[in-house]
Amino acid sequence: KRDFLIVAAEGVSGLDTLSAVVEAAIGIRPTYSMLGYIQRGGMPTVRDRSTALRMGERAVQELLAGNSDAVIAERGGIIVPIPFDEAFSMKKSLDPSDIGAGHILTNG
């Protein structure tokens, strides 16, 4: 091999040092790429940004009202606080049709 690539999540530090260690060990100076939110999740849509803004606003309102033991969520298009106890005890379910779709996407 004549090249080497290190891929790291944003916020990881010491990549220059890691590159030097790799170069000393194998004789190849690697390049590195730091993944950001676009590579991990794509570009946010207008709805994503609007929902984040509304949820952030509601979180501040809840904190100012003295409620710091809730997660902010969207239920039926409405931004609501859900107590941590309730949120942690929620059962997560998967639509069986999603399993088939996932299989098609990953296996062709």
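Residues numbered from 1 in each chain as written. Predicted model: local features only at pLDDT ≥ 70, side-chain atom pairs only at ≥ 80, totals over all residues. Heavy atoms only, no water.

1. Concerning the pattern of salt bridges
Rule in force here: A pairing counts as a salt bridge when a side-chain nitrogen of Lys or Arg comes within 4 Å of a carboxyl oxygen of Asp or Glu. For the purposes of this entry, the term helix denotes a DSSP run of H or I that reaches at least four residues, the term strand denotes a run of E that reaches at least two, and both are numbered from the N terminus. The rule is simple: take the accessible area with a 1.4 Å probe, protein chains only, and divide by the maximum for that residue type; under 20% is buried, over 50% is exposed, in between is partly exposed.
Using the criterion set out here, one finds four salt bridges in the structure. Notably, a salt bridge pairs E62 with R58, separated by 2.9 Å at the nearest N-O pair. Placement of both E62 and R58 in helix 3 (residues 46–64) is noted, with a separation of four residues, approximately one turn of the helix. The exposure class of E62 is buried, given its relative accessible area of 13%. As a salt-bridge pair, E86 and R75 come within 3.0 Å of each other at their nearest N and O atoms.

2. Section: the pairing of strand 4 (residues 78–83)
Counted only if it meets this: By this definition, two strands are paired if DSSP reports at least two bridges between them.
Relative to strand 4, strand 3 (residues 70–75) is paired through six bridges, and the arrangement is antiparallel. Counted as the bridge partner of A70 is P83 from strand 4. Linking two consecutive strands that pair antiparallel, namely strand 3 and strand 4, is a turn of two residues; a positive phi of about 60° is found at G76 within it.

3. Brief notes about the side chain of T51
As a reminder, the rule being used: The contact definition used throughout considers only heavy atoms, calling two residues in contact when any of these lie within 4.5 Å.
Mapping T51 onto the fold places it in helix 3. Not counting the four nearest positions on each side in its chain, T51 is found in contact with E74 and I79.

4. Description of the pairing of strand 2 (residues 31–35)
Put simply, the rule reads: By convention a crossover is right-handed if, when the strands point away from the viewer, the path from the first strand over the helix to the second runs clockwise.
Sheet topology places strand 1 (residues 5–9) next to strand 2; five bridges connect them, and they run parallel. Of the residues in strand 2, the one forming a bridge with V7 is S33. Note that the unit made of strand 1, helix 1 (residues 15–26) and strand 2 has a crossover that is right-handed.

5. Remarks on a nonpolar patch on the surface
This is how it is decided: Each patch is built from residues that are more than 30% exposed by relative accessible area and take part in no salt bridge. Like charges join if they lie within 9 Å; nonpolar side chains (Val, Leu, Ile, Met, Phe, Trp, Tyr) join within 5 Å. Under the convention used here, a 1.4 Å probe and the Shrake-Rupley method define accessible areas, while residue burial counts only the protein chains that appear.
A cluster of nonpolar side chains, contributed by V71, F84 and F88, occupies part of the molecular surface with about 300 Å² of accessible area. Along the polypeptide, V71 turns up in strand 3. By relative accessible area, V71 is classed as partly exposed at 33%.

6. Observations regarding the confidence of the model for the chain
What counts here: By definition, pLDDT measures how confident the predictor is in each residue, and it falls between 0 and 100.
Confidence along the chain averages 85 in pLDDT terms, with 88% of residues attaining 70 or more. Considering each helix and strand of the chain separately, the mean pLDDT is smallest for helix 5 (residues 96–107), with a value of 68, and largest for strand 4, with 96.

7. Regarding the environment of V71
Considering only alpha carbons, one finds V71 and A59, 12 residues apart in sequence, at a separation of 8.1 Å. Ignoring any residue separated from it by four or fewer positions in sequence, one finds V71 in contact with V80, P81, I82, F84 and A87.

8. Looking at the packing of aromatic side chains
Put simply, the rule reads: In summary, the pairing rule links any two rings of Phe, Tyr or Trp, Trp by its six-membered ring, whose centres are within 6.5 Å, and it sorts them by plane angle into stacked for under 30 degrees, edge-to-face for over 60 and tilted for everything else.
The final tally for this structure, using the stated rule, is one aromatic pair. Between F84 and F88 the ring centres are 5.8 Å apart and the planes differ by 15°, which places this aromatic pair in the stacked class. With a gap of four residues between them, F84 and F88 both fall in helix 4 (residues 84–89), about one helical turn apart. Given the relative accessible area of 33%, F84 is considered partly exposed. Judged by relative accessible area, which is 67%, F88 ranks as exposed.

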